[in-house]
Amino acid sequence: MKKLTIFLAFCIALMAAGDAFGQRTKKNRRRARQKTHKVVKNKKKTKANKKSAKKTAVLRPAPIINYEDSDYNPYLMCEDTCEHVHGIDLSHYQGEVFWETVGENTKMAYVYLKATEGGDRIDARYERNIELAHRYGLKVGSYHFFRPKTPLHLQLVNFTTQCRPGEQDLIPMIDVETTGGLPLEQFQDSLITFLGMIEETYHQKPLVYTFRNFYNKHLVGQLNDYQLMVAMYTEEEPVLADEKDICMWQYTGKGRIVGVNGYIDKSRFLGRHGLKEIRFRH
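1. Examining the packing of aromatic side chains
Two aromatic rings are characterised by how far apart their centres lie and by the angle between their planes. What the rule picks out here adds up to eight aromatic pairs. Centre to centre, the rings of Trp249 and Tyr251 are 5.9 Å apart; their planes meet at 65 degrees, and the pair counts as edge-to-face. Like Tyr251, Trp249 is buried. Ring pairs connect the aromatic residues Phe159, Tyr202 and Phe280, which therefore count as one cluster. Of note, Lys205 hangs over the ring of Tyr226, and the distance from its end group to the ring centre comes to 5.0 Å.

So, in structure tokens, the structure goes:
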């Protein structure tokens with residue numbers, strides 16, 4: 001009997017130990033789940049914080065710029081004293097132009113727009129540019145890039161189809177930068193003939209644009225009856241080899257102006273020359 005009593009007591013002790021072990025195991029499992037849940041929550045919070053930080057970085061306000069500061073001038077309106085009548089010339093190379101902004105710049109009195117080149121090329125932005133330049137108050141002229149080897153009648157038709165008198169404030173301009181590989185005399189004859197054709201069509205002599213070095217090498221003494229816009233990108237005003245009078249000077253090919261992305265060509269009148277000399281006579 002005594003042995004039976006001891007055996008029963010031993011079994012009861014084992015059962016009690018098993019229950020205690022089971023309860024500890026359940027508690028440990030709950031704690032493990034709670035820790036895992038906290039870790040997941042923390043990870044989510046960390047990711048949320050990172051996203052929040054990214055959003056904060058994007059929404060961070062831009063630095064304040066004082067546009068009235070005398071030292072602030074990212075886009076020069078004109079590169080010299082600004083005491084002269086200035087203008088610009090543009091083509092499709094400048095891309096989209098914000099004409100309303102350009103028109104607000106009172107230093108830009110005129111603009112020459114590329115219309116055509118050779119016998120069949122039409123500037124892709126000419127039609128839109130001339131419409132908007134007029135709308136925002138600029139005096140507009142059109143120019144043709146001369147290709148000496150292209151048949152002259154094709155060039156005339158190409159240019160006159162685009163450069164319509166009713167849309168012009170300024171006389172046509174012919175851009176002369178290449179001989180096309182022609183012998184000097186043949187090149188000169190071709191150019192003078194084409195200038196005469198333009199004059200006959202529009203009943204006024206065109207403005208001729210060229211570089212100083214190109215003029216001195218190929219055109220000395222040939223353009224006495226024509227007004228010139230001469231390009232030379234130096235601080236000193238250009239002087240030609242034959243000392244021909246220069247009406248306008250394109251003084252930079254890397255000008256800047258608000259409303260145009262990238263560089264633009266900028267020019268001004270020289271001496272006593274003024275805008276009235278290149279007005280289109282209707």
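2. Some words on the packing of helix H4 (residues 152–162) against helix H5 (residues 184–202)
Running from N to C, H4 and H5 point in directions that differ by 40 degrees, and their axes come no closer than 10 Å. Between H4 and H5, the interaxial angle falls into the category oblique. Considering the relative orientation of H4 and H5, their crossing is right-handed. Judged by residue contacts, Leu152, His153, Gln155, Leu156, Phe159 and Thr160 of H4 engage Ser190, Thr193, Phe194, Met197, Ile198, Thr201 and Tyr202 from H5.

3. Some thoughts on the pairing of strand E4 (residues 139–145)
With respect to burial, E4 is a largely interior element, six of its seven residues being buried. Here seven bridges tie strand E2 (residues 108–117) to E4, and the two strands are oriented parallel to one another. Directly across from Tyr112, in E4, lies its bridge partner Gly141. Sheet topology places E4 next to strand E5 (residues 173–175); three bridges connect them, and they run parallel. Of the residues in E5, the one forming a bridge with Phe145 is Asp175. Taken together, E4, H4 and E5 form a β-α-β motif whose crossover is right-handed.

4. Notes on the side chain of Glu117
Mapped onto the elements of the fold, Glu117 is located in strand E2. Of the polar contacts made by the side chain of Glu117, one reaches the side chain of Lys114; its length is 2.6 Å. For Glu117, the contacting residues outside a window of four places in its chain are His144, Phe145, Arg147 and Asn158.

Rules behind the numbers
- Residues numbered from 1 in each chain as written.
- Predicted model: local features only at pLDDT ≥ 70, side-chain atom pairs only at ≥ 80, totals over all residues.
- Heavy atoms only, no water.
- Phe/Tyr/Trp six-rings, centres within 6.5 Å; stacked < 30°, edge-to-face > 60°.
- Buried < 20%, exposed > 50% of the residue type's maximum accessible area, 1.4 Å probe, protein only.
- Lys NZ or Arg CZ within 6 Å of the ring centre and 35° of its normal.
- Axes fitted to C-alpha atoms, helices over the stretch in contact; angles between N-to-C directions.
- Helix = DSSP H or I, 4+ residues; strand = E, 2+ residues; numbered from the N terminus.
- Parallel < 35°, antiparallel > 145°, perpendicular 65-115°, else oblique.
- Left-handed = near helix turned anticlockwise from the far one by under 90°.
- Contact = heavy atoms within 4.5 Å.
- Pairing = 2+ DSSP bridges.
- Right-handed = clockwise from strand over helix to strand, strands pointing away.
- Polar contact = N/O pair within 3.5 Å; in protein donor to acceptor, adjacent residues only side chain to side chain.

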